[in-house]
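Each chain, written out:
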Amino acid sequence: MSAPQSDFLKILTERGFIHQCSDLQGLDAKARAGELVAYVGYDCTAPSLHVGHLLSIMMLHWLQETGGKPITLMGGGTTQVGDPSGRDETRKLLTVEQIETNKQAIKQVFSRFLRFGPGGADAVMADNAEWLTPLNYIAFLRDVGRHFSVNRMLSMDSVRLRLEREQELSFIEFNYMILQAYDFVELNRRYGCILQMGGSDQWGNIVNGIDLGRRMGTPQLYALTCPLLTTASGAKMGKTAAGAVWLNGDMLSPYDYWQFWRNTEDADVGRFLKLFTTLPMDEIARLEALRGSEINEAKKRLATEATALLHGREVAEQAAETARKTFEQGSLSENLPTVAVPTAVLETGLGVLTAFGPDYAKLVPSISEARRQVKGGGLRVNDQPVTDERAVLSLKDLTAEGVIKLSFGRKRHVLLRAA
RNA sequence: GGGGGAAUGUCCCGAGCGGCAAAGGGGGCGGACUGUAAAUCCGCUGGCUUACGCCUUCGUAGGUUCGAGUCCUACUUCCCCCA
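Bear in mind that the values here come from a model prediction, so they are computed numbers and not experimental data. (Residues numbered from 1 in each chain as written. Chains lettered and ligands numbered in written order. Predicted model: local features only at pLDDT ≥ 70, side-chain atom pairs only at ≥ 80, totals over all residues. Heavy atoms only, no water.)

K.L.:
Report on the overall build of chain A, specifying residues and quantitative values.
P.N.:
For chain A, the count of helices and strands is 19 helices and 15 strands. Overall, chain A is about 75 × 50 × 40 Å in size when its C-alpha atoms are taken along their principal axes. Across the 419 residues in chain A, those meeting the buried criterion constitute 50%. Mean positive and mean negative side-chain charge positions of chain A (47 and 49 charges, respectively) differ by 1 Å. (Helix = DSSP H or I, 4+ residues; strand = E, 2+ residues; numbered from the N terminus. Buried < 20%, exposed > 50% of the residue type's maximum accessible area, 1.4 Å probe, protein only. Lys, Arg positive; Asp, Glu negative; His and termini not counted. Charge placed at Lys NZ, Arg CZ, Asp CG, Glu CD.)

K.L.:
Describe the nonpolar core, and please don't skip the residues or the numbers.
P.N.:
Ranked by size, the top nonpolar core spans 105 residues in total, and within it Phe8, Leu54, Leu195, Met197, Leu247, Tyr257 and Trp261 carry the most contacts. In this structure Leu247 touches Ser48, Leu49, His50, Val51, Leu54, Ile57, Val109, Tyr257, Leu310 and His311, once residues within four positions along its chain are discounted. Judged by nonpolar contacts, the second largest core, of 23 residues, contains Leu363, Val364, Leu379 and Val414. (Core = buried A, V, L, I, M, F, W, Y, C linked by side-chain atoms within 4.5 Å. Contact = heavy atoms within 4.5 Å.)

K.L.:
Run through the sheet that holds strand E1 (residues 20–21), naming residues and quoting values.
P.N.:
Taken in spatial order, the six strands make up an open sheet running E1-E6-E5-E2-E3-E4, and their pairing is mixed. Of all strands in the sheet, those bounded by a partner on one side alone are E1 and strand E4 (124–127). Sheet analysis places strand E5 (residues 195–199) next to strand E6 (residues 222–226), joined by five bridges and oriented parallel. For Gly198, the partnering residue across the bridge sits in E6 and is Thr225. The strands that helix H3 (residues 51–65) touches are strand E2 (37–42), strand E3 (69–74), E5 and E6; relative to E2, the one it contacts most, it runs at about 160 degrees. (Pairing = 2+ DSSP bridges. Axes fitted to C-alpha atoms, helices over the stretch in contact; angles between N-to-C directions.)

K.L.:
Lay out the protein's contact with RNA strand B in plain terms, naming residues and giving numbers.
P.N.:
As a matter of local geometry, RNA strand B sits amid 31 residues, with Arg262, Asn263, Asp266, Ser368 and Arg412 nearest to it. A breakdown of the atoms of RNA strand B within 4 Å of the protein gives sugar and phosphate a share of 67%. Side-chain polar atom of Ser368 to a phosphate oxygen of RNA strand B: 2.6 Å apart, as the coordinates give it. Here a phosphate oxygen of RNA strand B and a side-chain polar atom of Lys411 are 3.1 Å apart. Elements with a contribution of two residues or more to the surface near RNA strand B: helix H12 (254–262), helix H15 (295–311), helix H16 (313–329) and helix H19 (367–375). (Near = heavy atom within 4 Å. Polar contact = N/O pair within 3.5 Å; in protein donor to acceptor, adjacent residues only side chain to side chain.)

K.L.:
I'd like to hear about H19, residue by residue, with values.
P.N.:
Inspection of H19 places Glu369, Ala370, Gln373 and Val374 among the buried residues, and these make up the whole buried set. Viewed along the axis of H19, the buried residues span an arc of 145 degrees, placing them on a single side of the element. Those residues of H19 that are exposed and aimed more than 90 degrees away from the buried face are Arg372 and Lys375. Among the structural elements, helix H18 (352–356), strand E11 (379–381) and strand E14 (403–408) are those in contact with the buried residues of H19. Downstream of H19 by one or two residues, Gly377 has phi in the positive range, about 75 degrees. (Arc of directions from axis to C-beta.)

K.L.:
Tell me what's going on with the packing of aromatic side chains, and back it up with residues and numbers.
P.N.:
Each aromatic ring pair is specified by the distance between its two centres and by the angle formed by the two planes. All told, the structure shown has eight aromatic pairs when counted by the stated rule. Here the aromatic rings of Phe140 and Tyr182 are separated by 5.4 Å at their centres, their planes lie at 85 degrees, and the arrangement is edge-to-face. Here Phe140, found in helix H6 (residues 137–143), pairs with Tyr182, found in helix H10 (residues 176–191); they are 42 residues apart in sequence, far enough to count as distant. A residue is classified by how much of its surface remains accessible, and Phe140, at 11% relative accessible area, is buried. Owing to a relative accessible area of 10%, Tyr182 belongs among the buried residues under this scheme. With a centroid separation of 4.8 Å and an interplanar angle of 45 degrees, the aromatic rings of Trp261 and Phe276 are classed as tilted. One end of the pair, Trp261, is in helix H12; the other, Phe276, is in helix H13 (residues 269–276), and 15 residues separate them in sequence. By the burial criterion, Trp261 is buried, and Phe276 matches it. Among the aromatic side chains, those forming a connected cluster through ring pairs are Tyr257, Phe260, Trp261, Phe272 and Phe276. (Phe/Tyr/Trp six-rings, centres within 6.5 Å; stacked < 30°, edge-to-face > 60°.)

K.L.:
Could you give an account of the side chain of Ser407, naming the residues involved and the relevant values?
P.N.:
In this structure, Ser407 sits in strand E14. Relative accessible area serves as the criterion here: at 0%, Ser407 is assigned to the buried category. For Ser407, the contacting residues outside a window of four places in its chain are Phe356, Leu363, Gly378, Leu379, Arg380, Asp383, Arg412 and His413.

K.L.:
Explain the sheet that holds strand E12 (residues 384–385) to me, using residue names and the numbers behind them.
P.N.:
Strand order in the open sheet formed by five strands is E9-E15-E14-E11-E12, and the pairing between neighbours is mixed. One side of each edge strand has no neighbouring strand; the edge strands of this open sheet are strand E9 (338–341) and E12. Here four bridges tie E9 to strand E15 (residues 412–418), and the two strands are oriented parallel to one another. Paired with Thr338 across the strands is Leu415, a residue of E15.

K.L.:
Which residues make up the pattern of salt bridges, and what are the values?
P.N.:
For the coordinates displayed, the defined rule picks out 20 salt bridges. When the shortest N-O distance is used, the salt bridge between Arg190 and Glu186 registers 2.8 Å. Taken as a pair, Arg190 and Glu186 lie in helix H10 at a separation of four residues, close to a single helical turn. A relative accessible area of 36% means that Arg190 is categorised as partly exposed. A network of salt bridges, in which partner residues are shared, links Glu283, Arg286, Arg301, Glu305 and Arg313. (Salt bridge = Lys/Arg side-chain N within 4 Å of Asp/Glu carboxyl O.)

Structural data, given as structure tokens:
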């Protein structure tokens, strides 16, 4: 297969976004011929997207950069049904209210990566609740359902795996692929969208959309998937101590987001720079070639660039500076997460365990956990290890800056400030 | 409809002759080593308490017992076989 000619596919290829494509040459021709309209669908199962979704968002970003029109499709309708792809068990059905709340919370993040507006090349936000909710069951069965063969549906991975493992697959989930296929057709009719992108687990669903389009008379549609995101050591990516790596700032602070990227494994740095930053390829090649401890420079660059895309340049620089002071100088940074403690409490004396626990710094989830961590040497106050679990913090523990620095492990720090 | 099996520490898998805060993994967290990396080694992994200790946990609800994850009864859910 010859190398793609269109800017869009050239970039995606050299940056490692492409896992599978239904017809790379055909799509390449379309991309060169004129404005390419493509969409990615996002379920509203959580109140924020996470790093796993970032890959597909970046694909939309590059699409717009190269003159195409991106559509972000909110799954306001499909989330009510539940996608069985890649899941062992039926997910709990969310209430319509929860879905709506999640949808609103998720929406905001896209504007960081895409320009929305009424113009031709502006990005569009759609919501499949708009056309799925009013569907009439009988009419839908006759218009759309008749194009689906149950024999073939049973052979789709999402269904087959459940059946093979003898795990329950409810009828409602069985319908998911039909709805997603219909979305593709609907978006083609409304916006002339001819390409659906997504994670590799979406391949089956996307291809169904292409087939349905052919039967229902749309122009040729295309599928393009990106690889599943894992770290070089094989772990599924996107977890920190605190849980998932959320994109919404109120669920994961920009500082923690920066830290997440800073802690990338050596072997992943080059790959992640290509996928999650917009740095030019020759710059990435230079960074990626760094060896030994020099690769830390590349990791900092990765962290700052990735954070800048999501939270803005200024916030990213600030996170970088906070990290530099904390880790490289070992000095205090005012920008570490801060918790206010009433002065009266410090006058009386605050037990260390309590200070680290859920009532104050929230570095550990319980007093018992704090106790265990003292035994294991994991807690420090003003950089001094806590050895006595009965120790008490008071006003004289305040540093010159007027704070008490609490640390859990090497990496997590919180400042207590008298208030 | 009939017969059989299963649900364990709310991250997962999984042992458990009536004395169990409950074996063992995985995962996670902490420590050492490093470069805020990987690999490796060590420790921890229900809540509360300065401490003796107290409290809450084995699908749900009752019962037997000094004492129940372990025995009995009913219920719920899932699986298998027969119809």
